[in-house]
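# Topology and contacts: notes
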Amino acid sequence: MTSLARQARRNALHIMVLCCALPVTVLIGWVTWETASRLFAAEVATRAQALLSVQSATLERQLDKFRLLSPLLAQRPDVRDIILRRDARGGERAAALVAGMAGAQEVLFLDAAGGLIASSHMSPRYPGNMLEQVPLAEAQQGRLGRAYRRGSGSEPGSYVFASAVRAGSLVIGIVVVRVSLAEIEQAWALSPAPIVAIDEMGEIVATNRPLWRGQKASERFEVLGAAEVPRTGEGAAAAATEAEYVRFNGVKGRGPYLRMARTLPVLDWQVAAFADTADARSQSQKVAAIAVLICLLATVVGWVAADRRVAVLRRLREDKIAASRLERKVRLRTRDLSEANARLAREVSEREAAEAELRNMQADLVQAAKMATLGQMSAALSHEFNQPLAAIRSNADNAKQFIERGMGERVNGALDRIILMVERMAEISRVLKGFSRRAGTDMRPTAVKPVVDEAMMLLSPRIKQGRGRLTVTHLDGPLSVVGGHVRLEQVVLNLVSNALDAVEARDDGQVVLTTRSEAGQAVIEVRDNGPGISSDLLPKVFDPFFTTKEVGKGLGLGLSIAYKIVHDFSGSLTVRHAEGGGAVFTVRLPLAAGLSDAAE
Ligand code: ADP
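As a starting point, this report considers the structure included with it. Remember, predicted model here, so these are calculated numbers, not experimental data.

### Side note on the pairing of strand β1 (residues 106-111)
Within β1, 6 of the 6 residues are buried, leaving the element largely enclosed by the surrounding structure. A two-sided burial pattern is seen for β1, the buried positions comprising E106, L108 and L110 on one face and V107, F109 and D111 on the other. Summarising the sheet, β1 and strand β2 (residues 116-119) pair through 3 bridges and their orientation is antiparallel. What sits directly across from L108, in β2, is S119. Hairpin connection, β1 to β2: the antiparallel pair is bridged by 4 residues, and G114 has positive phi, about 100 degrees.

### Some remarks on the nonpolar core
M456, L495, V496, L513, L573, F585 and V587 are the most contacted members of the largest nonpolar core, which totals 51 residues. Examining the composition of this core, we find that 9 residues originate from one element, helix α12 (residues 485-503), more than from any other. Counting residues in each nonpolar core, the second largest holds 49 residues, with V98, Y159, I184 and V205 among its members.

### A few points about the pattern of salt bridges
Considering all chains together, one arrives at 26 salt bridges under this definition. Between E43 and R47 there is a salt bridge; the shortest N-O distance is 3.9 Å. Here the residue E43 and the residue R47 both occupy positions in helix α1 (residues 3-67), the gap between them amounting to 4 residues, near one helical turn. By relative accessible area, E43 is classed as partly exposed at 40%. For R47, a relative accessible area of 52% puts it in the exposed group. The shortest N-O distance in the salt bridge between E244 and R259 comes to 2.7 Å. Here E244, found in strand β9 (residues 241-248), pairs with R259, found in strand β10 (residues 257-264); they are 15 residues apart in sequence, far enough to count as distant. Across this residue pair, the class does not change: E244 and R259 are buried.

### Topic: the packing of α12 against helix α13 (residues 558-568)
Where α12 contacts α13, the two axes come as close as 9 Å, and the packing angle between them is 145 degrees. Of the two possible hands of crossing, α12 and α13 adopt the one that is left-handed. Across the interface between the two elements, R487, Q490, V491, N494, L495 and N498 from α12 touch G558, L559, A562, I565 and V566 from α13. Of the residues assigned to the contact of α12 with α13, the class counts are 6 nonpolar, 4 polar and 1 charged.

Parameters and conventions
- Residues numbered from 1 in each chain as written.
- Predicted model: local features only at pLDDT ≥ 70, side-chain atom pairs only at ≥ 80, totals over all residues.
- Heavy atoms only, no water.
- Buried < 20%, exposed > 50% of the residue type's maximum accessible area, 1.4 Å probe, protein only.
- Helix = DSSP H or I, 4+ residues; strand = E, 2+ residues; numbered from the N terminus.
- Pairing = 2+ DSSP bridges.
- Core = buried A, V, L, I, M, F, W, Y, C linked by side-chain atoms within 4.5 Å.
- Salt bridge = Lys/Arg side-chain N within 4 Å of Asp/Glu carboxyl O.
- Axes fitted to C-alpha atoms, helices over the stretch in contact; angles between N-to-C directions.
- Left-handed = near helix turned anticlockwise from the far one by under 90°.
- Contact = heavy atoms within 4.5 Å.
- Nonpolar A, V, L, I, M, F, W, Y, C, P; charged D, E, K, R; others polar.

No statement about biological role is implied by the geometric values presented.
Next up, the structure:
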């Protein structure tokens with residue numbers, strides 16, 4: 001694969017990782033944002049609702065406490081007396097005492113028409129008159145009168161309860177208890193979130209934000225939308241809760257706020273708590289950002305993993321290619337090898353066949369050479385036979401005459417000589433027959449001495465006729481070599497024949513055949529004192545058809561055949577100059593382990 005294709009593949013994988021990772025990241029970010037927003041919003045809502053529940057309960061409890069105070073006072077006989085007698089001094093004392101003990105801001109005793117009799121507030125420490133805002137009508141009708149009274153300036157407002165004082169069925173006066181909302185506002189001030197109480201007219205009557213007091217609630221904030229109310233509240237109270245998102249007018253950067261509101265049943269006021277959602281939003285953003293970061297990290301990890309995967313795949317592919325290449329190479333090599341093997345086997349068998357052929361040819365050659373040797377010796381041999389035949393003839397004639405003359409005692413001598421000569425002829429005939437037999441090719445332990453003796457016997461007619469003298473010496477005891485009797489005899493015959501030829505021209509021709517053992521080998525040495533072989537011809541003497549003899553006398557095969565035979569016997573045949581002239585031929589053959597000379 002080219003590097004361009006590899007790059008394209010790598011890019012494709014990376015684009016795939018990106019294509020998968022980006023939408024997944026966006027989706028996870030969005031889902032995380034949504035879930036976290038919902039969870040944090042729910043938490044904000046729960047907190048706001050809890051705050052609302054606690055603070056609205058605080059308001060209710062505070063007002064409830066004083067709701068019963070005015071009817072209770074109206075029942076009291078001393079209060080009735082004060083009103084009946086219009087006892088301003090006593091009334092002031094009693095009102096101040098009740099206000100002080102109950103913690104009310106002001107207690108008033110009025111006549112039935114609403115005229116002031118006494119007030120805890122009449123002392124210089126409590127200036128002002130509250131009569132304008134006293135709910136007289138309800139009280140005069142015998143019901144509990146209640147009304148909110150706006151505060152002056154920075155002073156928180158108050159709530160007024162009024163109860164009728166009766167004498168029998170007649171309303172004779174009215175007891176008024178005024179409660180300050182300052183305590184409520186102080187309790188609410190502990191909460192950092194804005195809390196407001198709104199009257200039925202939509203005016204803020206109590207709040208922990210003093211500046212908002214007296215303002216229209218609708219001017220303070222605008223509604224952005226409804227919010228989900230967590231259903232963790234308790235029954236009706238929870239059902240009465242309303243929730244919406246709002247933004248405060250004139251406040252920049254903050255919000256939106258979650259507004260949780262609940263209507264207080266008796267007062268007909270609405271208490272609202274505001275919870276800032278900015279923290280929840282920023283927390284949601286953080287969580288979503290973390291999720292996105294994790295996704296991006298996973299993308300990077302995926303990217304790196306994809307890179308690694310590509311590298312691993314590439315390596316695997318390359319390994320596979322290399323393996324298949326190697327396999328192909330091994331297959332080719334194996335094929336080459338088996339072809340070479342087959343060729344070799346063919347060559348071996350061809351060579352074996354050629355060797356067999358050669359052996360046959362060599363055997364033929366040996367045979368031919370032997371026949372040639374015999375042919376050359378035939379004149380001498382016929383003389384060898386003719387001489388004893390003539391001797392036998394004359395001895396037989398002699399024996400006949402001895403018998404005729406009655407010289408019986410001399411007949412035996414003639415007959416003995418005849419027998420000796422016949423035996424001699426039979427022996428020569430046996431050796432000739434053995435020699436002329438075709439030599440085998442097998443190898444076996446062969447004794448050297450009988451071989452030499454037979455060769456000498458075959459050569460004896462020539463030696464007798466020739467001028468050279470032959471001396472045979474066996475220096476070491478009986479030697480045995482591995483080879484063939486007839487072939488070794490041929491070697492000896494050739495070497496001695498050549499030596500006799502070489503000394504033919506000399507009067508003092510000497511041929512010495514020596515056998516000895518040397519360094520684990522049998523040595524047959526044929527030495528003569530003939531003309532020797534010139535140095536330039538020395539390397540050629542073992543070549544087939546090399547001869548210096550005249551036509552008809554030599555074929556040039558004797559030494560080459562001898563050389564081949566000796567090599568077949570794992571031996572060596574060498575030639576060198578003899579000291580004082582002449583040639584020395586040396587045959588070296590490995591000694592056989594035992595002595596055995598089975599006839600071939
Ligand atoms: P051939 O005897 O038929 O010539 P050989 O192979 O036996 O064939 O000998 C080859 C030649 O080696 C001979 O012609 C001769 O010249 C030379 N030669 C062999 N033996 C001797 C020797 N003892 N002295 C001198 N020359 C020799």
